[in-house]
Every structure is written in structure tokens, then in C-alpha cells.
Amino acid sequence: MARNTSNDDPLAPVTLAVGQEGLLLDRAVQQVVAAARAADADTDVRDLTPDALQPGTLAELTSPSLFAERKVVVVRNAQDLSADTVKDVKAYLAAPAEEITLVLLHAGGAKGKGLLDAARKAGAREVACPKMTKPADRLAFVRSEFRGAARSATPEACQALVDAVGSDLRELASACAQLAADIEGAIDEAVVARYYTGRAEASSFTVADRAVEGRTAEALEALRWSLSTGVAPVLITSALAQGVRAIGKLASAPRGMRPGDLARELGMPPWKIDRVRQQMRGWSADGVSVALRAVAEADGAVKGGGDDPEYALEKAVVSIARAARSARAR
């Protein structure tokens with residue numbers, strides 16, 4: 001989630017939004033523009049890409065106006081600015097103009113680090129906009145969206161929404177907004193299922209759940225439906241890996257730990273541990289090893305190492321489902 005790491009005033013002379021999550025970067029810009037227009041409805045907003053910000057352009061945009069108008073200057077992909085333009089920006093950072101707010105969007109990383117460091121040294125207000133690659137981050141984002149809308153959503157509902165909608169933050173935000181607007185009272189798992197049943201059935205996590213539960217036919221049906229509705233194969237291998245690893249982690253956890261301590265130890269919410277505990281019945285240590293190898297082979301295939309990604313996924317699903325029943329078959 002976007003969060004302020006220094007000066008909390010969106011009308012600070014310079015705002016630095018760092019990261020690669022498009023939705024969060026756009027929200028950082030929107031927050032500044034909204035604050036500026038609340039102070040002056042006639043605020044002029046200039047939104048520029050590196051090719052539009054040539055040497056001297058920033059000086060023109062930030063020069064004093066006869067009418068002393070408020071202005072917001074947004075510079076996207078600041079890490080791609082030319083060396084001469086970077087010099088202009090650094091000079092501006094040393095003496096920002098009155099009534100003007102400069103917003104620099106920077107991907108972070110090594111490219112353009114000199115400008116990043118200069119903005120921080122100048123005391124820019126910073127907003128972190130990291131790419132959310134972990135399911136736990138997306139789950140936290142969904143919870144935050146509901147809190148921001150002053151709505152109550154159960155943990156199961158939040159997880160179901162992430163499972164159903166996927167990794168696109170804009171789609172998750174839109175889904176949260178729709179549920180918050182349409183539903184009265186608490187938002188639970190049944191509500192999410194009612195709104196997103198088709199997508200939930202097609203989700204990569206449904207495929208993984210059915211596979212680790214040993215339900216071969218249902219897992220294959222969910223897999224084929226997922227692929228037919230456009231779910232990327234790499235998301236399915238990722239979900240399969242997470243499902244198998246969760247079982248391995250819980251199986252190897254010290255016995256007798258309190259639920260709260262176990263949740264912290266494994267990095268899972270308590271309700272997730274309850275679900276994995278039910279799924280791990282029938283699993284053996286050898287079964288986990290077999291399943292992880294199957295996932296690794298499928299992952300290589302879907303990333304270009306094989307001729308038929310769909311067949312590789314089907315093979316992995318069957319192997320995992322069999323591994324899930326290995327201990328019970330003995």
C-alpha cells in the first residue's frame with residue numbers, strides 16, 4: 001500500500017513516489033492534485049514523460065507567473081530523464097518555487113539513483129509504491145481498501161477476493177469498491193462468491209486447492225476452465241508451488257505451538273493454517289518432495305522450456321493430487 005515515509009503534506013514542494021506499482025503511483029499523483037485543487041480550483045496540472053521534459057522545460061514550467069497561479073508538475077519515469085534534464089531537476093530541488101508542487105515518479109533501483117538521492121536529500125515528501133508480488137501484500141491491500149471505505153470484511157472474504165480476482169491491483173481495488181458500494185453490512189465469503197463465482201472457479205488458487213486435496217478430476221476441470229478464461233500458466237504454477245510449500249511448512253513445524261505463535265512462525269494467518277491443516281491429511285514427506293519436483297518441471301515448461309505448457313500443467317496437477325493421497329494409500 002502507498003504510505004508516506006516523511007512529510008505528510010501532499011502540498012509539500014516536492015513529492016517523490018518510488019516504486020513500480022502503477023495504481024499506487026497514480027494514487028500518489030491524484031492525492032497531490034486533489035489537495036492542490038482543494039486549495040485552488042484553478043490549479044494547472046502538467047503531466048510529463050521524460051521525452052516531453054527537455055533541458056530548460058522545467059525552468060519554463062516553474063517560472064513565476066503574473067497571476068501567481070498554483071501548479072502541479074508531474075514527471076513520470078524520472079529514472080529515464082536525460083543527464084541535462086536531471087541537472088535542471090536537481091537545481092530546482094535546491095530552490096523550489098512558491099505555489100508549485102513537483103511530483104517525481106521514480107521506479108527505484110540503480111537507474112537514475114542520483115536524482116533519487118538528490119530528492120531525498122532535499123527533504124522531498126516520499127510515498128512508497130512497491131510492486132506487490134506476494135499474496136500476503138495483496139491481501140493486506142484488500143483489507144486496507146475495505147478499511148478506507150469504512151466497511152467490514154471478514155478475513156475469509158478478503159482471501160476469497162484475492163483468489164478470485166488475481167494479482168492486478170487495479171482490478172482488486174475496483175472489486176473492493178464495487179462490494180463496498182453494493183453490499184450493506186459485513187462482507188463475507190458468501191458475498192464474494194456470489195459476485196465473483198465465475199472468476200473464483202477459474203482462479204489459479206482453486207486449481208491448487210483441489211490438487212493438494214487429492215481431488216484429481218476437480219483440479220483438472222478447474223485447470224482447463226482457468227486456461228480457457230485467460231489465466232496465465234505461470235500464475236497457476238505459482239499457486240501450485242504455494243499450496244505444496246504451505247503443506248510442507250506446516251508438516252515440519254514444531255508440534256504443540258499455540259495457534260498465534262504458529263501463525264507468526266509460518267507467516268500465515270490462523271484461518272489459513274486451519275485450511276492447510278485440513279488439506280495436508282494424506283500427505284507424506286516423500287509426497288511433498290514429489291509434488292515440488294512436479295511443480296518445478298511445470299514451471300520450467302510454462303516459462304519456455306517445453307512445447308506444451310497446458311500438458312505440463314495437467315501432468316503437474318495429476319502428480320500433486322496423487323502425492324496428496326500417497327500416505328492414505330499405504
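Quick caveat: nothing in here was measured; it's all calculated off a predicted structure. Per chain, residues are indexed from 1 in the order of the written sequence. Owing to the predicted nature of the model, reporting of local features is limited to residues with pLDDT of at least 70; listing and counting of side-chain atom pairs is limited to 80 or more, with chain, interface and lining totals taken over all residues. As a convention, hydrogens and water are excluded, and side-chain values are obtained from all of the structure's heavy atoms.

## Section: the overall build of the chain
- The helix and strand labels rest on DSSP assignments: H or I over at least four residues marks a helix, E over at least two residues marks a strand, and numbering proceeds from the N terminus. The helix and strand tally for the chain stands at 15 helices and six strands.
- Principal-axis analysis of the C-alpha atoms places the extent of the chain at approximately 85 × 50 × 40 Å.
- Only protein chains enter the area calculation, which uses a 1.4 Å probe; residues under 20% of their type maximum are buried, those over 50% are exposed, and those in between are partly exposed. Evaluated residue by residue, the chain yields a buried proportion of 44% over its 330 residues.
- Pairs of residues are marked as contacts when any of their non-hydrogen atoms sit within 4.5 Å. Within the chain, contacts between residues at least 6 apart in sequence are counted, and of these 76% link residues at least 24 apart.
- Every accessible area reported is derived by Shrake-Rupley at a probe size of 1.4 Å, with residue values counting cover from the shown protein chains alone. With an accessible surface of roughly 16700 Å², the chain has 50% of that area assigned to carbon and sulfur atoms.
- His residues and chain termini do not enter the charge count, which takes Lys and Arg as positive and Asp and Glu as negative. Charged groups are reduced to one reference atom each: NZ for lysine, CZ for arginine, CG for aspartic acid, CD for glutamic acid. Between the centroid of the 42 positive side chains of the chain and the centroid of its 43 negative side chains there is a distance of 8 Å.

## Quick look at the nonpolar core
- Residues L161 and L179 are the most contacted members of the largest nonpolar core, which totals 38 residues.
- Among the elements that make up this core, the one with the highest residue count is helix 1 (residues 22-39) (eight residues).
- In this structure, A211, A222, V231 and V244 belong to the second largest nonpolar core, which totals 36 residues. Each nonpolar core is a collection of buried residues, namely Ala, Val, Leu, Ile, Met, Phe, Trp, Tyr and Cys, held together in the definition by side-chain atoms within 4.5 Å.

## Notes on the environment of V302
- If you trace the backbone, V302 turns up in helix 14 (residues 285-305).
- A relative accessible area of 18% places V302 in the buried class.
- For the pair V302 and A217, spaced 85 residues apart in sequence, the C-alpha separation works out to 22 Å.
- With residues near it in sequence (within four places) discarded, V302 still touches P233, V234, T237, P309 and L313.

## Digging into the side chain of T237
- You can see T237 is positioned in helix 11 (residues 233-251).
- Sequence-distant contacts of T237, that is, excluding residues within four places in its chain, are made with V295, A298, D299, V302 and L313.

## Side note on the environment of A95
- Locating A95 in the fold gives a position in the loop between helix 3 (83-94) and strand 5 (100-106).
- Its relative accessible area of 55% is what places A95 among the exposed residues.
- Expressed as a C-alpha distance, the spacing of A95 and P13, which sit 82 residues apart in the sequence, is 9.6 Å.

## A word on unusual backbone geometry
- Even without a glycine there, the phi angle at N77 is positive, about 50°.
- When you line up the elements, N77 lands in the loop between strand 4 (71-75) and helix 3.
- With a phi close to 65°, E99 is a non-glycine residue in the positive phi region.
- Tracing the backbone through its elements, the reader meets E99 in the loop between helix 3 and strand 5.
- Assessed through its relative accessible area of 36%, E99 is described here as partly exposed.

## Topic: the packing of helix 9 (residues 204-212) against helix 10 (residues 216-228)
- For helices, the fitted line uses only the C-alpha atoms of the stretch in contact; every axis is such a line through C-alpha atoms, and the angle between N-to-C directions lies from 0 to 180 degrees. Two numbers describe how helix 9 lies on helix 10: the axes approach to 8 Å, and their chain directions differ by 165°. For the element pair helix 9 / helix 10, the angle class is roughly antiparallel. Helix-helix and strand crossings are classified by hand; for helix 9 and helix 10 the assignment is left-handed. Listed contacts from helix 10 to T206, V207, R210 and A211 of helix 9 are E218, A219, A222, L223 and S226.
- All amino acids are sorted into three groups, where Ala, Val, Leu, Ile, Met, Phe, Trp, Tyr, Cys and Pro are nonpolar, Asp, Glu, Lys and Arg are charged, and the leftover types, Gly among them, are polar. Among the residues forming the contact of helix 9 with helix 10, the class breakdown is five nonpolar, two polar and two charged. Any angle that is under 35 degrees is reported as roughly parallel, and any over 145 degrees as roughly antiparallel; angles of 65 to 115 degrees are reported as roughly perpendicular and all others as oblique. Each crossing gets its handedness from the near helix: less than a right angle anticlockwise from the far helix is left-handed, clockwise is right-handed.

## Side note on the packing of helix 9 against helix 11
- Contact geometry for helix 9 and helix 11: axes closest at 8 Å, N-to-C directions at 40°. Relative to helix 11, the element helix 9 lies oblique. The handedness of the crossing between helix 9 and helix 11 comes out as right-handed. Contact residues: helix 9 offers S204, F205, V207, A208, A211 and V212, while helix 11 offers L235, I236, A239, L240, Q242, G243, V244 and I247.
- Within the contact of helix 9 with helix 11, the residues separate by chemical class into 11 nonpolar, three polar and no charged.

## Re the pairing of strand 5
- Across the seven residues that make up strand 5, a large majority, seven, are buried.
- Residues I100, L102, L104 and H106 point to one face of strand 5 and T101, V103 and L105 to the other, with burial holding for every one of them.
- A pair of strands is treated as paired once DSSP finds two or more bridges between them. Both strand 2 (residues 14-18) and strand 5 contribute to a ladder of five bridges, which runs parallel. Considered in strand 5, the bridge of A17 is made with L105.
- Taken together, strand 4, helix 3 and strand 5 constitute a β-α-β crossover, and its handedness is right-handed. Orienting the strands away from the viewer, one traces the path from the first strand over the helix to the second; a clockwise path indicates a right-handed crossover.

Without other data, these values stay purely geometric and don't point to any function.
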